[in-house]
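Given next are the chains, with one letter for each unit.
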Amino acid sequence: MTAKKKILLTGAAGYIGAHTAVELIEQGFETVLIDNFSNSDRSLLQGIEQIVKQKINFREGDCRDAAFLDSVFSKTKFDSVIHFAAFKSVKESVLHPLKYYENNIESLTALLRAMHRHQVNEIIFSSSCTVYGQPDSIPVDEKAPLKKAESPYGATKQMCEQILEDTVKAHPSLKVVSLRYFNPIGAHPSAHIGEMPTDVPDNLVPYVTQTAAGLRPKLVVFGDDYPTPDGSCLRDFIHVVDLAQAHVRAVEKINDLPHRIEYINLGTGEGVSVLQLIKKFIDVTGVPLNYEIGPRRPGDVVKTYADAHKALALLNWKTKRSLDEALQDAWRWQQKI
Ligand code: UD1
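**Q** Break down the pattern of salt bridges for me, citing the residues and quoting the values.
**A** Pairs can form between side chains of opposite charge whenever their charged atoms are close. Taken as a whole and judged by the stated rule, the model has 18 salt bridges. Here Lys5 and Glu122 are joined by a salt bridge, their closest N and O atoms 2.7 Å apart. Here Glu122 lies in strand β5 (residues 122-128) and Lys5 lies in the segment before β1 (6-10), a separation of 117 residues in the sequence. There is no split in this pair, since Lys5 and Glu122 are both buried.

**Q** Give me the lowdown on the site of the ligand, citing residues and values where you can.
**A** In the vicinity of the ligand lie 20 residues, with Ser128, Leu204, Val220, Arg235 and Asp300 positioned nearest. Side-chain polar atom of Asn203 to an oxygen atom of the ligand: 3.1 Å apart, as the coordinates give it. Separating an oxygen atom of the ligand from a side-chain N or O atom of Arg235 is a distance of 2.5 Å. Taking 740 Å² as the accessible area of the ligand by itself, protein coverage stands at 92%. Elements that contribute at least two residues to the shell around the ligand include exactly α7 (204-212) and β8 (219-222).

**Q** Go over the packing of helix α9 (residues 274-285) against helix α11 (residues 323-336) with me, naming the residues and quoting the values.
**A** Contact pair α9 / α11: the axes reach a minimum separation of 9 Å and the direction vectors enclose 70 degrees. It follows from the interaxial angle that α9 and α11 lie roughly perpendicular. Classified by chirality, the crossing of α11 by α9 is right-handed. Each of Leu277, Lys280, Phe281, Val284 and Thr285 in α9 lies in contact with α11, whose residues at this interface are Leu323, Asp324, Leu327, Gln328 and Trp331.

**Q** Describe the packing of aromatic side chains, and please don't skip the residues or the numbers.
**A** Under the definition given, this model contains four aromatic pairs. Measuring from centroid to centroid gives 5.4 Å for Phe37 and Phe58, while their planes differ by 45 degrees, and the two rings are tilted. Remark: Phe58 occurs in strand β3 (residues 58-60) and Phe37 occurs in the loop between β2 (30-35) and α2 (43-52); sequence separation between them is 21 residues. Between the aromatic rings of Phe87 and Tyr100, the centroid separation amounts to 5.5 Å while the plane-to-plane angle is 50 degrees, which identifies the pairing as tilted. One end of the pair, Phe87, is in the loop between β4 (80-83) and α4 (90-95); the other, Tyr100, is in helix α5 (residues 97-117), and 13 residues separate them in sequence. Of the residues examined, Phe87 reaches a relative accessible area of 10% and is grouped as buried. Against the face of Phe29 rests Lys4, its NZ or CZ located 4.6 Å from the ring centre.

About the criteria used
- Residues numbered from 1 in each chain as written.
- Predicted model: local features only at pLDDT ≥ 70, side-chain atom pairs only at ≥ 80, totals over all residues.
- Heavy atoms only, no water.
- Salt bridge = Lys/Arg side-chain N within 4 Å of Asp/Glu carboxyl O.
- Helix = DSSP H or I, 4+ residues; strand = E, 2+ residues; numbered from the N terminus.
- Buried < 20%, exposed > 50% of the residue type's maximum accessible area, 1.4 Å probe, protein only.
- Near = heavy atom within 4 Å.
- Polar contact = N/O pair within 3.5 Å; in protein donor to acceptor, adjacent residues only side chain to side chain.
- Areas by Shrake-Rupley, 256 points an atom, 1.4 Å probe, with all protein chains shown as cover.
- Axes fitted to C-alpha atoms, helices over the stretch in contact; angles between N-to-C directions.
- Parallel < 35°, antiparallel > 145°, perpendicular 65-115°, else oblique.
- Left-handed = near helix turned anticlockwise from the far one by under 90°.
- Contact = heavy atoms within 4.5 Å.
- Phe/Tyr/Trp six-rings, centres within 6.5 Å; stacked < 30°, edge-to-face > 60°.
- Lys NZ or Arg CZ within 6 Å of the ring centre and 35° of its normal.

Any link to function would need more than the numbers given here.
Here is the structure:
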């Protein structure tokens, strides 16, 4: 058996980073986790340890800090880096665009420089379906044109992909997989890790679970007059554990892929409306949910879901977990925190 790769995870105390750390460690990869806790909670690190039943190798620091990165890269000869560290609130990015450009862009450029200095040539990048903007047709495949970003957050994801594309051209040994996530939801079934919004959540499912738990008076559905079957927006909700497992596949397959930079959608391939999700939540948990229809949220994409065939073809990956499981896991996690 060939030795497992050594992987650096940035933003490892965040929602997707923590779930990916668990999957990698459980598969026997040697991992080093870094995070600066700017938008994450230390308790997720303990949650990771409870699941994997071993001590994790964690270093606190900022990806934009070259000296910090040098100290991390000098200690371990990594095969690959998975770069999660970034801010992700659409709303906050509109209010504080520079905060987003500085953090999301500089952390990637500093990381690529450090990888170059230490001859690490494989990077998996956390991208988003937000790069497609309002798609012309659904399901969206990777050849769909990138429309003007709806927010500075979306613009940082597009810019980061451009930076990766240009850097691949300039550095013939670099290989990149940019994973375009649709809507990650749910939590680890153990309820040791999950989504931990540090503020009022922007995203639908944490808002649903916090409302169901009585932490918020009501959920507002942002619009029911869209041109969709029930009038609410349509999304592709993917269980975070499925999403995490796609990263393991990307690390395993990066050297077998046809191009040195690959963009790959991660979604279920099915569209589910906001109202359908709410009804499903009530149904699977048996918990009542106070919600009402409100006005549209500016900047929302009306309908999007993934064409997920490329992920199957290149990574031999597809989702295994249902929406029911995702909502049950999200609720189990909410009850614990
Ligand atoms: C957005 C971004 C996505 C990003 C994610 C991270 C776009 C198109 N998508 O996802 O790239 O990774 O944020 O934060 O920019 N909703 C309600 N009430 C609520 C909250 C949400 O009705 O209280 C609705 C929204 O209007 C939307 C759906 O639920 O139709 C999903 O919203 P949300 O969870 O915020 O995700 P996106 O906006 O799809």
